[in-house]
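# Notes for the structure review
The primary structure of each chain is shown beneath.
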Amino acid sequence: MDCKKSRIVSDRLREEALDMKLFEQVKDYAVEYMNNIPDQPVSPDQNSIDGLNVFREPLSVDSGDPYEIIGMLHQYGSSATVAQTGGRYFGFVNGGIIPVSLAAKWLSDTWDQNAALYIMSPVTSVLEEVCEKWLIDLFNFPAETAAGFVGGTSTALLCGLTAGRNRLMEQLGYDVSKKGLFNAPEIRVILGEGAHSSVYKALSILGLGSERAIKIPMDHQGRMSVDAVTKLDSRTLLVLQAGNVNTGSFDNFEVLCQKARAAGSWVHVDGAFGLWAAASNKLKYLTKGIENANSWSLDAHKTLNAPYDNGIIMCADREALTKALHMTGSYIIYSDKRDGMLYTPDMSRRARAVELWAALKSLGKNGVSELVEDLHDKSVYFAEKLQQNNFIIHNNVTFNQILTSVGNPDITEKTLNKIQASGNCWCGGAKWNNVPVIRISICSYRTTYEDIDRSLDAFIKAREEILKDIEGTL
Ligand SMILES: *Cc1c(COP(=O)(O)O)cnc(C)c1O
């Protein structure tokens, strides 16, 4: 038998790997996309959505042509994207994309590094080490703080809460990572009523029970009521928040972290988008005392405007984090350098730190500070303009989130639908104090004051049209 049998597909792929024209073509498509983004409807129109049906085909038996594949993706895919990298997308808390950070991602995607171990990618290991130091510096965190680079805050939360759970139980004489939760000493989880749903998800995955957590009432801005936090002790995992997902408000870290520390509790801060306030000269008053927590989860893909899939877990207790996430195997070669997999649940993982490094290097300390302050200033401007035009503002715009409505719940919802369908800008909806509100998040450096004026016009026009419709039916 001839064991050198040639596989046609590998021959073809090797040929394609040498064909640089394909990559030139992709570059042209990408540049065309970037140029068109300011004029593209912010959410895809029905035509573009219908166009997506071309993708719903059975897997072909034969191989496809790379130019046709990329052409199809650009023709039908690009137009059905949400124009999140433009200036008038205000949905969720989705950041834009810093140019050099995207460019760095292109290059590092080409490297296709595995960030698990130093020996697999020295460059990624070093950039992770550098990013860790820079983040500690930006946020003024304890010098020994560890950072792990994960997909997003949801995963980062899981890491921080695992480290906290394990450390608390260890102090009670129990090794939960080895023995499991079956005979574990009880610990208590305390969180705010306004905690993000990803906190509940993490608690449920960790066996701490999403319903078992003690919920502290929130004040009118979504902050944990400080006086209601009474039962802190060394069996307590306290979850605080930097940036309520609706109002953008911040818990009182100064008082709560101090109290928790004195009681021997573990404090985790969900700072998905709000932790970046700590890097702003003008806004760091919002995060005062946050450095006294034990762990923090945050995203680089929101406020910092790094590309997506860029979350960070930071933990002041390096050992607690690495012990919780450590893995062994006879073929795993740990080094005396930084092995990234010690800080994340993943083993194989892409080199996210490259984009983070490029974003931070592009901005510098002053740039990060200015970026965050700019998002805040524009949010204040948008809220003022809305108020001048008789929209109700439901929150103090201390950061980058605005909750607004027209007063009447039904008209608010209809107005929001009209705004979303207009293609001029996009915002989501939420309920605040049980009333429907329009949720605006200014989270991209691309947003200009002109973008806000144009979006304001879309708000006013949508409300007018809804009111006219209602009058017509009376
Ligand atoms: C976005 C967000 C999360 C979840 O982060 P992902 O990166 O989407 O996993 C958690 N908490 C808050 C406050 C958020 O805004």
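With that out of the way, let us pick up the overall build of the chain. Helices and strands together make up the secondary structure of the chain, namely 14 helices and 11 strands. Its C-alpha radius of gyration of 24 Å places the chain within 12% of the 23 Å reference for a compact globule of 474 residues. For the chain, the spread of C-alpha atoms along the three principal axes comes to 80 × 70 × 45 Å. Residue burial in the chain is summarised as follows: out of 474 residues, 51% are buried. Considering only intrachain contacts with a sequence separation of at least 6, the fraction spanning at least 24 residues in the chain is 72%. If you sum the accessible surface of the chain, you get close to 22,600 Å²; carbon and sulfur atoms cover 53% of it. A gap of 5 Å separates the mean positions of the 48 positive and 57 negative side-chain charges of the chain.

It is worth spelling out the pairing of strand S5 (residues 266-270) at this point. Most of S5 sits out of view: five of its five residues are buried. The alternating pattern of S5 places Trp266, His268 and Asp270 and Val267 and Val269 on opposite faces, both of which are buried. With five bridges joining them, strand S4 (residues 236-241) and S5 adopt parallel strand pairing. The residue bridging Val239 from the neighbouring strand is His268, located in S5. The parallel pair S4 and S5, bridged by helix H10 (residues 253-263), forms a crossover whose chirality is right-handed.

With that settled, the discussion passes to the site of the ligand. Around the ligand, the surrounding shell holds 13 residues, and the nearest of these are Thr153, Ser154, Asp270, Asp299 and Lys302. One of the backbone N or O atoms of Thr153 is found 3.0 Å from an oxygen atom in the ligand. Contacts to the ligand include Lys302, whose side-chain N or O atom sits 2.9 Å from an oxygen atom. Look at the ligand: alone it shows 380 Å² of surface, and the protein chains cover 84% of it.

Let us look at the packing of aromatic side chains. Applying the stated criterion across every chain yields a total of 11 aromatic pairs. Relative to Trp296, the ring of Phe141 has its centre 3.8 Å away and its plane inclined at 20°; by these criteria the two rings are stacked. Placement of the pair is Phe141 in the loop between helix H6 (122-139) and strand S1 (146-150) and Trp296 in strand S6 (residues 295-299), with a sequence separation of 155 residues. In this pair, the class of Phe141 matches that of Trp296, namely buried.

Moving on, we come to the side chain of Ser455. Within the secondary structure, Ser455 sits in helix H14 (residues 449-473). Excluding its chain neighbours within four sequence positions, the residues that come into contact with Ser455 are Arg88, Phe90, Phe382 and Cys425.

In this section: the packing of helix H7 (residues 153-171) against helix H9 (residues 197-205). At a closest axis distance of 9 Å, the pairing of H7 and H9 adopts a crossing angle of 50°. By the angle between their axes, H7 is oblique relative to H9. The two elements H7 and H9 cross, and the hand of that crossing is right-handed. Touching Ser154, Leu157, Leu158 and Leu161 of H7 are Ser198, Val199, Ala202, Leu203 and Ile205, all from H9. Each residue belonging to the contact of H7 with H9 can be placed in one class, and the counts come to seven nonpolar, two polar and no charged.

Attention shifts here to the sheet that holds strand S11 (residues 435-441). Strands sit in the order S8-S9-S11-S10 across an open sheet of four strands; the sheet is antiparallel. Only two strands of the sheet have a single neighbouring strand rather than two, namely strand S8 (392-393) and strand S10 (428-432). Pairing of strand S9 (residues 401-405) with S11 involves four bridges; the strand directions are antiparallel. Counterpart to Ile402 in the pairing with S11 is Ile440. Here helix H12 (residues 353-388) sits on the sheet in contact with S8, S9 and S11, set at roughly 10° to S9. Lying on the sheet, helix H13 (residues 409-422) is in contact with S9, S10 and S11; it crosses S11 at an angle near 35°.

What counts, and at which threshold
Residues numbered from 1 in each chain as written. Predicted model: local features only at pLDDT ≥ 70, side-chain atom pairs only at ≥ 80, totals over all residues. Heavy atoms only, no water. Helix = DSSP H or I, 4+ residues; strand = E, 2+ residues; numbered from the N terminus. Rg over C-alpha atoms; globule rule 2.2 N^0.38 Å. Buried < 20%, exposed > 50% of the residue type's maximum accessible area, 1.4 Å probe, protein only. Contact = heavy atoms within 4.5 Å. Areas by Shrake-Rupley, 256 points an atom, 1.4 Å probe, with all protein chains shown as cover. Lys, Arg positive; Asp, Glu negative; His and termini not counted. Charge placed at Lys NZ, Arg CZ, Asp CG, Glu CD. Pairing = 2+ DSSP bridges. Right-handed = clockwise from strand over helix to strand, strands pointing away. Near = heavy atom within 4 Å. Polar contact = N/O pair within 3.5 Å; in protein donor to acceptor, adjacent residues only side chain to side chain. Phe/Tyr/Trp six-rings, centres within 6.5 Å; stacked < 30°, edge-to-face > 60°. Axes fitted to C-alpha atoms, helices over the stretch in contact; angles between N-to-C directions. Parallel < 35°, antiparallel > 145°, perpendicular 65-115°, else oblique. Left-handed = near helix turned anticlockwise from the far one by under 90°. Nonpolar A, V, L, I, M, F, W, Y, C, P; charged D, E, K, R; others polar.

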